[in-house]
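Residue-level structural notes
For reference, the chains in residue letters:
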Amino acid sequence: MKTFGRGMLYSIILIVILLVISFLIGDVITLPWYVFIPLVFLVWGLAFYQSKKEKGNMTDK
């Protein structure tokens, strides 16, 4: 469940960053699918990696 929450948090942070960039340049940002899909995999992969790393540290104690 931590992976899902962390993945959602990272996804929201990514959306906010894109919104800020869009606001600063004053135009709409369009991402093609071949850019958007790897971004989603990267964000959720990072969340999975951090959750797995945290889980490993808990068992070491």
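Data block above holds the structure.
Everything in this summary refers to the structure shown in the same document. (Residues numbered from 1 in each chain as written. Predicted model: local features only at pLDDT ≥ 70, side-chain atom pairs only at ≥ 80, totals over all residues. Heavy atoms only, no water.)

Another aspect to go through is the packing of aromatic side chains. Inspection of the entire model under this criterion finds 2 aromatic pairs. Residues F4 and W44 carry aromatic rings whose centres are separated by 6.0 Å and whose planes lie at 45° to one another, so their mutual orientation is tilted. One end of the pair, F4, is in helix α1 (residues 2-25); the other, W44, is in helix α2 (residues 33-60), with 40 residues separating them in the sequence. Judged by its relative accessible area of 48%, F4 is partly exposed. Residue W44 is classed as partly exposed on the basis of its relative accessible area of 27%. (Phe/Tyr/Trp six-rings, centres within 6.5 Å; stacked < 30°, edge-to-face > 60°. Helix = DSSP H or I, 4+ residues; strand = E, 2+ residues; numbered from the N terminus. Buried < 20%, exposed > 50% of the residue type's maximum accessible area, 1.4 Å probe, protein only.)

By the secondary structure assignment, S51 is in helix α2. With near-sequence residues (within four places) excluded, S51 lies in contact with K2, T3 and R6. (Contact = heavy atoms within 4.5 Å.)

Glancing now at the pattern of salt bridges. In the structure shown here, the tally under the stated rule is 2 salt bridges. Measuring nitrogen to oxygen at the nearest pair gives 3.0 Å for the salt bridge that ties E54 to K2. With E54 in helix α2 and K2 in helix α1, the pair connects residues that are 52 residues apart, well separated along the chain. The class of E54 is partly exposed, set by a relative accessible area of 29%. Assessed through its relative accessible area of 54%, K2 is described here as exposed. (Salt bridge = Lys/Arg side-chain N within 4 Å of Asp/Glu carboxyl O.)

Function cannot be read off these values alone, since they describe shape.
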